[in-house]
Amino acid sequence: MVNIQRIPDDSFIVCENGNTDATLRYELTGTGLEVYLTADKSLPRYVSLRWNHRTSRPVRVLGDKWERAYADLSFKGLDGEKFMPWYFIATDGTDTVGCGVMTRPASFVSFEYDASGVSGWFDVRNGDLGVHLNGREIKLATVITREYKATDSFSAACTFCRELCPDPILPKEPVYGGNNWYYAYGKSSAPEILSDAGLIADLARGNKVRPFMVIDDGWQENSCDGPWLPNEKFGDMKKLADEMRAKGVRPGIWVRFLHDTALEQAHPEWTVRNQYLDPTVPQVQALIREVIARVKEWGYELIKHDYTTFDLFGQFGYDFNGAISRIRNWSFADNTRTSAEIVLDLYTLIREAAGDTLIIGCNTISHLSAGLVEISRVGDDTSGTDWNRTRAMGVNALAFRLPQNRAFYMADADCVGIIPGKIDWKLNREWTKLLSLSGTPLFISCPAGGLDGEAFGEMRAAFALAEKQTDVAIPLDWEYNNQPQTWLINGEKVEFDFVQDFYPRLLDNVMNSSYAVGKDNV
């Protein structure tokens, strides 16, 4: 099968105003093919490598996504125009091969796989402009290929993801509990959070591992915006964290580090594209450390940070193709590092400042956050109001990002959103059951009183599984169904019905206006 762990058959470097001195160097090691780039005067933008290989038998191919999945992960036939970020796996029904780059590379890497071979694209820009390496040599990535004989494609994908990331950081004990976004949608208060905390504690009564209650957007002065200080409905955040802990939950909180309108207007020199905070600016780095220190001092044990992909590059992952950011003619204040290096620096800063505080990355670059966050939101938002959205986003992300669970981080496929009168429990029951048996974090979003007797009992049983997260789930139909319904759970075949009498809408594109409405798609 195809092999890209070798010196490429062809290559070229794209620079601003032509290439005068940019060069590539390769090293074949026991792990893979290390690709190095250096330049002095030239300003590299892209590197392209080509490995020739004639594929003459039917294969099904699955690629990854830049950040979260947007109901768009699935196996397909060969498509030379389709960009696949970070890695892909290909199977002929008997054997499976994985091709990709090790986590935390210094470039954004994507692949195109056609019948004549594989093209690898290494985006080394700084924003949209060429990077000023000034004679520095950087390792763009370590390219690997692994072949798995006579094994199913899901098992191969799990093994391959563990190969891609040898150093994940995982929580010391299972993380599960509540998040108020999918019923409150930013309209909340300290008393409501304490009520939520009481519900989550009741659902986990008798469990040895305490659940989290995560306060999402809406606690701060401005909606989805800094400064990261409480509004009048929340007041003393340290007091609230203490009261949550007394209720029997561990407090968590949501932040958006790179957006503070007042600061951006007062200090445009601290921004990228005159919109969002630039993490290469020392004052912005100090601000991030200050916010994290404050949240930790308040007593919050988990930080969910959001929007870094959008704020850095001006678009969500579904708007990217092979290139990160299609906005033209901009760069970061520090133009000597690639965008990938800048993202890595940001995530490393957050990790170091957080210390033992758990991190959930949301709208984070998946391959660059692996090894720097304990938990990652692997798909776009589910919903407390629209079952179509939960089915499309949640089930797809869980199934196709499940090989990354415990390999890159714990994979959070998002919440069970529960608003009385909105989504029938018979539908949310299926989503709850699958999440609780998947070996991944289970979060619910539900107001006090939102679960009746039957649903309450079933959610308590789900929480009892979630505090262990030892179940093994395998999507048996994932090669032909982008919302797998047939699963092998702990060796037993289980059928889920995510449709029932709630039929999918006819959509030209999953990210059309019926989905992309406000923060609910973030």
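Above this text is the structure in question.
Residues numbered from 1 in each chain as written. Predicted model: local features only at pLDDT ≥ 70, side-chain atom pairs only at ≥ 80, totals over all residues. Heavy atoms only, no water.

A. Expanded view of the packing of helix 6 (residues 282–298) against helix 8 (residues 339–354). Running from N to C, helix 6 and helix 8 cross one another at 30°; their axes reach a closest spacing of 9 Å. The two elements helix 6 and helix 8 cross, and the hand of that crossing is right-handed. Across the interface between the two elements, Gln285, Ile288, Arg289, Ile292 and Lys296 of helix 6 pack against Leu346, Leu349, Ile350, Ala353 and Ala354 of helix 8. Residues that form the contact of helix 6 with helix 8 fall into these classes: 7 nonpolar, 1 polar and 2 charged. (Axes fitted to C-alpha atoms, helices over the stretch in contact; angles between N-to-C directions. Helix = DSSP H or I, 4+ residues; strand = E, 2+ residues; numbered from the N terminus. Left-handed = near helix turned anticlockwise from the far one by under 90°. Contact = heavy atoms within 4.5 Å. Nonpolar A, V, L, I, M, F, W, Y, C, P; charged D, E, K, R; others polar.)

B. Representation of the sheet that holds strand 19 (residues 302–305) within the structure. Taken in spatial order, the 9 strands line up as 22-21-20-19-16-13-12-24-23 in an open sheet, and their pairing is parallel. For this open sheet the edge positions go to strand 22 (410–412) and strand 23 (416–417), each flanked by a neighbour on one side alone. With 2 bridges connecting them, strand 12 (residues 177–179) and strand 24 (residues 443–445) associate as parallel partners. Paired with Gly178 across the two strands is Ile444, which belongs to strand 24. Its contacts with the sheet place helix 3 (residues 190–203) against strand 12, strand 13 (212–215) and strand 24, and it is angled at close to 155° to strand 13. (Pairing = 2+ DSSP bridges.)

C. How the structure looks around the nonpolar core. Of all hydrophobic cores here, the largest spans 157 residues; its most connected members are Phe108, Ile215, Leu240 and Tyr300. Counting residues per element, this core draws most heavily on helix 8, which supplies 9 residues. In contact with Phe108, not counting residues within four places along its chain, are Trp66, Trp86, Trp121, Phe122, Asp123, Phe313, Ile324, Ser339, Ala340, Val343, Ile365 and Leu368. By size, the runner-up hydrophobic cluster in this structure holds 12 residues, among which are Val175, Tyr182, Val214 and Leu358. (Core = buried A, V, L, I, M, F, W, Y, C linked by side-chain atoms within 4.5 Å. Buried < 20%, exposed > 50% of the residue type's maximum accessible area, 1.4 Å probe, protein only.)

D. Inspection of the pattern of salt bridges at higher detail. Per the stated rule, a full pass over the model turns up 39 salt bridges. Between Asp380 and Arg68 there is a salt bridge, with its nearest N and O atoms 3.6 Å apart. Residue Asp380 is found in the loop between strand 21 (375–377) and helix 10 (387–401), and its partner Arg68 is found in the loop between strand 5 (60–63) and strand 6 (79–85); the two are separated by 312 residues along the sequence. The buried category is assigned to Asp380, whose relative accessible area is 0%. Arg146 is the salt-bridge partner of Glu163, the closest N and O atoms lying 3.4 Å from each other. Of the two residues, Glu163 is situated in helix 1 (residues 153–164) and Arg146 in strand 11 (residues 137–148); the sequence distance between them amounts to 17 residues. Classification of Glu163 as partly exposed rests on a relative accessible area of 33%. (Salt bridge = Lys/Arg side-chain N within 4 Å of Asp/Glu carboxyl O.)

E. Summary view of the sheet that holds strand 10 (residues 117–123). Ordered by their spatial adjacency, 5 strands build an open sheet running 1-4-10-9-6, and the pairing between neighbours is antiparallel. Taken across any chain shown, the strands that pair with only one partner, and hence form the sheet edges, are strand 1 (10–16) and strand 6. The mean inter-strand angle of the sheet, taken between neighbouring strand axes irrespective of direction, is 20°.

F. Structural detail: the side chain of Gln404. Mapped onto the elements, Gln404 comes out in the loop between helix 10 and strand 22. Among residues more than four places away in sequence, those in contact with Gln404 are Asp64, Tyr87, Cys161, Ser366 and Tyr409.

G. View of unusual backbone geometry. Of the consecutive residues Gly226 and Pro227, the connecting peptide bond is found in the cis state with omega at 0°. Assignment of secondary structure puts Pro227 in strand 15 (residues 225–230). Even without being glycine, Tyr307 reaches a positive phi, approximately 75°. Looking at the secondary structure, you find Tyr307 in the loop between strand 19 and helix 7 (308–313). Positive phi is not limited to glycine here, since Asp414 has a value of about 95°. By the element assignment, Asp414 lies in the loop between strand 22 and strand 23.

H. Molecular detail of the environment of Ser366. Relative to the assigned elements, Ser366 resides in helix 9 (residues 366–369). Those residues in contact with Ser366 that lie beyond four places of it in its chain are Asp64, Trp66, Glu67, Arg401, Gln404, Phe408 and Tyr409.

I. The environment of Tyr46, seen in detail. On the secondary structure map, Tyr46 appears in strand 4 (residues 43–52). Residue Tyr46 is classed as buried on the basis of its relative accessible area of 16%. Setting aside residues up to four positions removed in sequence, Tyr46 forms contacts with Phe12, Ile13, Val14, Phe122, Asp123, Val124, Arg125 and Ala323. Within polar-contact distance, the side chain of Tyr46 engages the side chain of Arg125 at 3.4 Å. (Polar contact = N/O pair within 3.5 Å; in protein donor to acceptor, adjacent residues only side chain to side chain.)

J. Molecular detail of helix 1. Given a rise of 1.5 Å per residue, 12 residues ought to cover 16 Å, and the 16 Å separating the end C-alpha atoms of helix 1 matches this to within 8%. Looking only at helix 1, the buried set comprises Ser153, Phe154, Ala156, Ala157, Cys158, Phe160, Cys161 and Leu164. With a side-chain oxygen lying 3.2 Å from the backbone nitrogen of Phe154, the N-terminal cap of helix 1 falls on Asp152. (Expected span 1.5 Å × (residues − 1).)

K. Region of interest: the state of the cysteines. Taken as a whole, this structure holds 0 disulfides when the rule is applied. We note that Cys362 lacks a disulfide partner, and the nearest cysteine sulfur, in Cys415, lies 9.7 Å from it. Among the residues examined, Cys362 registers a relative accessible area of 0% and is labelled buried. Looking at the unpaired Cys446, the closest cysteine sulfur is the one in Cys415, lying at 11 Å. The class for Cys446 is buried, based on a relative accessible area of 5%. (Disulfide = S-S within 2.5 Å.)

L. A look at the side chain of Asn126. With respect to the secondary-structure elements, Asn126 resides in the loop between strand 10 and strand 11. Given a relative accessible area of 0%, Asn126 falls into the buried group. Among the polar contacts listed, one links the side chain of Asn126 to the backbone oxygen of Asp334, at a separation of 2.9 Å. The residues touching Asn126, leaving out its near neighbours within four places in the chain, are Val131, Trp330, Ser331, Phe332, Asp334, Asn335, Thr336, Arg337, Ser339 and Ile342.

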